[in-house]
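As a plain string of letters, each chain reads:
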Amino acid sequence: MLQRVFRQLTFLLLLASSVAQADMTIEVVGVGSQQYPIAILPFQNEQLDRQSVTPVIASDLNTSGVFKVLNFNDPSLQAYTPAALNYAALQAGGAQYAVIGQMLNEGGQVLVKFWLIDVASKQELIAFEKRGSPNQLRRISHQIADMIYAKITGKPGAFASRIAYVLKNGKSYQLQVADADGYGAQTVLKSRMPIMSPKWSPDGGKLAYVSFELEKPVVYVHELATGKRWTAANFKGSNSAPAWSPDGRQLAVVLTKDGGSQIFLVNVDGSNPRRVSQGGEINTEPTFTTDGQSILFTSDRGGSPQIYRSSLNGGNAERLTFSGAYNASAKVSPDGKYMTYITRDNGYRVAVMDLNTRRSNTLTSSTMDDSPSFAPNGAMILYETDIGRRGTLAIVSSDGKVKQRLKSPNGEVRQPAWGPMLR
Amino acid sequence: MKKIALSIMMAALLGACSTTPPAAIVDPAAGNAGKDANSSEIKTVDTSKTSGKSMYPELTDPSNVLSQRRVYFDYDSYVVRPDFNEMVQAHAKFLLSHKDVKIILQGNTDNRGTAEYNLALGQKRAEAVNSMLKALGVPAGQIEAVSFGEERPLENGDTDEAWSRNRRADIVYSGEQSQ
């Protein structure tokens, strides 16, 4: 028994050390046409906490490509309240906005206070405080960055969200979850066989994915907090490409049990499979529309892979893509107005289509892109690309202007999925 | 009693060495603490396991055609090439004389295109071998056709040679671990 405790302990320690090494870092490759100059001054008492706040806020805003974080290192400019700010110096330094704050220790909790100031008018755009334990400071930092982003750009941020992806190292596969900035990677599943297609439940608490640990593709649902998982689809043949319904109660999956690859709906516990797709030898990559009333999917029914939309019983199938001989892997934006997908256009590239006007725009110039998914605010798209023949993650803004890479220190990183906002 | 004491100790130990990643945010406004669906704590599941070994030496004897397990396909093709007829026929014969033995046919593709669509394409390669075995009289109950899509290349790289090595269907006997 005691031995078991220590084994578990050793395992956890190993896990902890691997967490520290596995962090990805964001590299900005392209920035927006407009960048808001912002000064972020260190918060009062910040250095007392092992997890500082302002570097995380600055990194979030900087890597978004729409902010230019200015350096105000001169201690004489340091201020912890709006009244104490040296507005003339800020203006002279080109700052349009300033962020200041304080951190107060309250027993075991930390109270974070911050202000967002419009420098020219000296107006307080945000005055806010939030309480949390020290190990929640990173998430609070992302939430503060989201508030600043939303106030200034008029659109919601997505810094306080998580991503899932598959890390491949030789013959070792790990399904991992990390913060949207690549920090704090944690392993959900380890296997010597491939893992693919992680998809977030709408509440962010579970992942559906495909694992080949039984020498065949089987769809699992995995509860992140408990590690509890169950089989959602294991019929004869292949079981692949899970997609959550917006209410989190059903999955669309692709089964080959009846011949060809066909889309079915199953309940999340795997019960009650019923067929959706009719016609075509291949129907796959299902994804629900935001209203839950129809699905988008890839089908070969017209002779080449193209994206279609149909009702949940497969009726009224309508082809959405006509340009090019290969269009696949569709995902609908959170507002339901756009879809992102992969189009073959001198290589496999990320594209966006306005579902209303049907106008499309290719966003990337790489050649081996895959698995695009929208950030919960719809402003960014996370996808897999190849750099030096190595799978890696990248992010592009929905207008194609801002580009980032998530650099992993080890292994290939594939099949990303951007999860919902953390509350 | 001893058990309880140990589990308390274990909980304390686990608590002591837990890493920085935060639990759910405690938002005083919401007055809500503890684990919610958004909790950041994650437990790892490890599926690694040891391999089984086949009971039939002829399946792994290099001088026996049954040790050949890979059926290669031409670009964009889902038809078994004539040069693999003899090998597939040998497997059919073995399965017909060993009714209790089962196989998994694993289709594979190169890495061009999306992973999920490639999984569906790989399925077509497994089904091509499946159809041939069935035509030779092997009962459907002895065969399962599945796909690994682009997930298990024999060769990495974006060259014609690598791609042609990856366009294949592998025959795996039950109890074996595919390579």
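Before reading on, note that the structure itself is shown above.
What this report covers is the structure whose coordinates are included nearby. Treat the numbers as computed from the prediction; the structure is a model and nothing was measured.

## Let's talk about the overall build of chain B
In step 1: For chain B, the count of helices and strands is 4 helices and 5 strands.
In step 2: Beginning at the N terminus, the succession of helices and strands in chain B can be written as α-β-β-α-β-α-β-α-β.
In step 3: Per-residue burial over chain B gives 48% buried out of 179 residues.
In step 4: Accessible surface, chain B as shown: approximately 8700 Å² in total, 56% of it carbon and sulfur.

## Quick look at the side chain of A:Asp181
Residues and elements named next belong to chain A.
In step 1: Structurally, the position occupied by Asp181 is in the loop between β8 (172-179) and β9 (186-191).
In step 2: Polar side-chain contacts of Asp181 include one of 3.0 Å to the side chain of Arg138.
In step 3: The residues contacting Asp181, other than those within four sequence positions of it, are Met24, Ile26, Asp60, Arg138, His142 and Leu406.

## Observations concerning the nonpolar core
In step 1: By size, the foremost hydrophobic cluster in this structure holds 44 residues, and its most contacted members are A:Ile38, A:Ile57, A:Leu61, A:Ile148, A:Ile163, A:Tyr165 and A:Trp418.
In step 2: Among the elements that line this core, the one with the most residues is helix α4 (residues 137-153) of chain A, at 7 residues.
In step 3: Each of domain 1 (25-153) and domain 2 (162-421) of chain A gives at least three residues to this core.
In step 4: Excluding residues that lie within four positions of it along the chain, A:Leu61 makes contacts with A:Ile38, A:Ile40, A:Phe67, A:Val69, A:Ala145, A:Ile148, A:Tyr149 and A:Phe159.
In step 5: By size, the runner-up hydrophobic cluster in this structure holds 28 residues, among which are B:Leu66, B:Leu95, B:Ile143 and B:Ala145.

## Looking at the packing of aromatic side chains
In step 1: Summed over the entire model, instances satisfying the criterion amount to 13 aromatic pairs over all chains.
In step 2: Considering the side-chain rings of A:Phe67 and A:Tyr149, the 6.2 Å spacing of their centres and the 50° angle between planes classify their relative orientation as tilted. Taken together, the positions of A:Phe67 in strand β3 (residues 67-70) and A:Tyr149 in helix α4 put the pair 82 residues apart, joining distant regions of the chain. There is no split in this pair, since A:Phe67 and A:Tyr149 are both buried.
In step 3: Taken together, the aromatic side chains of A:Tyr36, A:Phe67, A:Tyr97, A:Tyr149 and A:Phe159 make up a single cluster linked through ring pairs.
In step 4: The lysine or arginine in question, A:Arg301, covers the ring of A:Tyr308, its NZ or CZ lying 5.3 Å from the ring centre.
In step 5: When the ring centre of B:Tyr78 is taken as reference, the NZ or CZ atom of B:Lys124 above it lies at 4.5 Å.

## Considerations on the pattern of salt bridges
Residue and element names in this part refer to chain B.
In step 1: Taken as a whole and judged by the stated rule, the model has 23 salt bridges over all chains.
In step 2: A salt bridge links Asp110 to Arg112; the shortest N-O distance between them is 2.7 Å.
In step 3: Classification of Asp110 as buried rests on a relative accessible area of 8%.
In step 4: As a salt-bridge pair, Arg167 and Asp110 come within 3.6 Å of each other at their nearest N and O atoms.

## Examining the sheet that holds strand β20 (residues 306-311) of chain A
In step 1: Within the open sheet, the 4 strands sit side by side as β18-β19-β20-β21 (chain A). Their pairing is antiparallel. The open sheet is flanked by β18 (283-288) and β21 (318-319) of chain A, the only strands paired with a single partner.
In step 2: In this structure, β18(A) lies alongside strand β19 (residues 294-299) of chain A, joined through 4 bridges in antiparallel fashion. Counterpart to A:Thr284 in the pairing with β19(A) is A:Thr298.
In step 3: Contacts from helix α3 (residues 115-135) of chain B reach β18 and β19 of chain A within the one sheet, and its direction differs from that of β18(A) by about 145°.

## A word on the sheet that holds β3(A)
All names here are of chain A.
In step 1: Here we have 5 strands laid out as an open sheet, ordered β3-β2-β4-β5-β6, and mixed in their pairing. Each of the sheet's edge strands pairs with one partner strand only, and the pair in question is β3 and β6 (123-132). Between one strand and the next, the sheet's axes are offset by a mean angle of 25°, whatever the strand orientation.
In step 2: Its contacts with the sheet put α4 on β2 (36-40), β3, β4 (97-106), β5 (109-118) and β6, and the angle it makes with β5 is roughly 20°.

## Some points on the pairing of strand β10 (residues 195-200) of chain A
Residue and element names in this part refer to chain A.
In step 1: Within β10, 6 of the 6 residues are buried, which leaves the element mostly enclosed by the surrounding structure.
In step 2: Bridge count for β10 against strand β11 (residues 206-211) is 4 bridges, and the pairing is antiparallel. Paired with Ile195 across the strands is Ser211, a residue of β11.
In step 3: Taking the residues that link successive antiparallel strands as the turn, the β10-β11 hairpin has 5 residues, and the phi of Gly204 there is positive, at about 75°.

## Describing empty space enclosed by the protein
All names here are of chain A.
In step 1: One pass over the full model with this rule turns up 4 cavities of 30 Å³ or more.
In step 2: Considered as a void within the structure, the largest cavity measures approximately 200 Å³ in volume.
In step 3: Forming the walls of the largest cavity are 16 residues, and the residues nearest its centre are Ala158, Phe159, Met380, Gln404 and Trp418.
In step 4: Mapped by element, the contributors of at least two residues to the lining of the largest cavity are α2 (54-63) and α4.
In step 5: Looking at the lining of the largest cavity residue by residue, the classes come out as 8 nonpolar, 6 polar and 2 charged.
In step 6: Both domains that furnish three or more residues to the lining of the largest cavity are identified here as domain 1 (25-153) and domain 2 (162-421).

What counts, and where the lines are drawn
- Residues numbered from 1 in each chain as written.
- Chains lettered and ligands numbered in written order.
- Predicted model: local features only at pLDDT ≥ 70, side-chain atom pairs only at ≥ 80, totals over all residues.
- Heavy atoms only, no water.
- Helix = DSSP H or I, 4+ residues; strand = E, 2+ residues; numbered from the N terminus.
- Buried < 20%, exposed > 50% of the residue type's maximum accessible area, 1.4 Å probe, protein only.
- Areas by Shrake-Rupley, 256 points an atom, 1.4 Å probe, with all protein chains shown as cover.
- Polar contact = N/O pair within 3.5 Å; in protein donor to acceptor, adjacent residues only side chain to side chain.
- Contact = heavy atoms within 4.5 Å.
- Core = buried A, V, L, I, M, F, W, Y, C linked by side-chain atoms within 4.5 Å.
- Domains from an automatic or database assignment.
- Phe/Tyr/Trp six-rings, centres within 6.5 Å; stacked < 30°, edge-to-face > 60°.
- Lys NZ or Arg CZ within 6 Å of the ring centre and 35° of its normal.
- Salt bridge = Lys/Arg side-chain N within 4 Å of Asp/Glu carboxyl O.
- Pairing = 2+ DSSP bridges.
- Axes fitted to C-alpha atoms, helices over the stretch in contact; angles between N-to-C directions.
- 1 Å grid on protein atoms, 1.4 Å probe; cavity = no way out; pocket = protein on both sides within 12 Å on 5 of 7 lines; lining within 4 Å.
- Points joined across faces, edges and corners; volume = space filled by probe spheres on them.
- Nonpolar A, V, L, I, M, F, W, Y, C, P; charged D, E, K, R; others polar.

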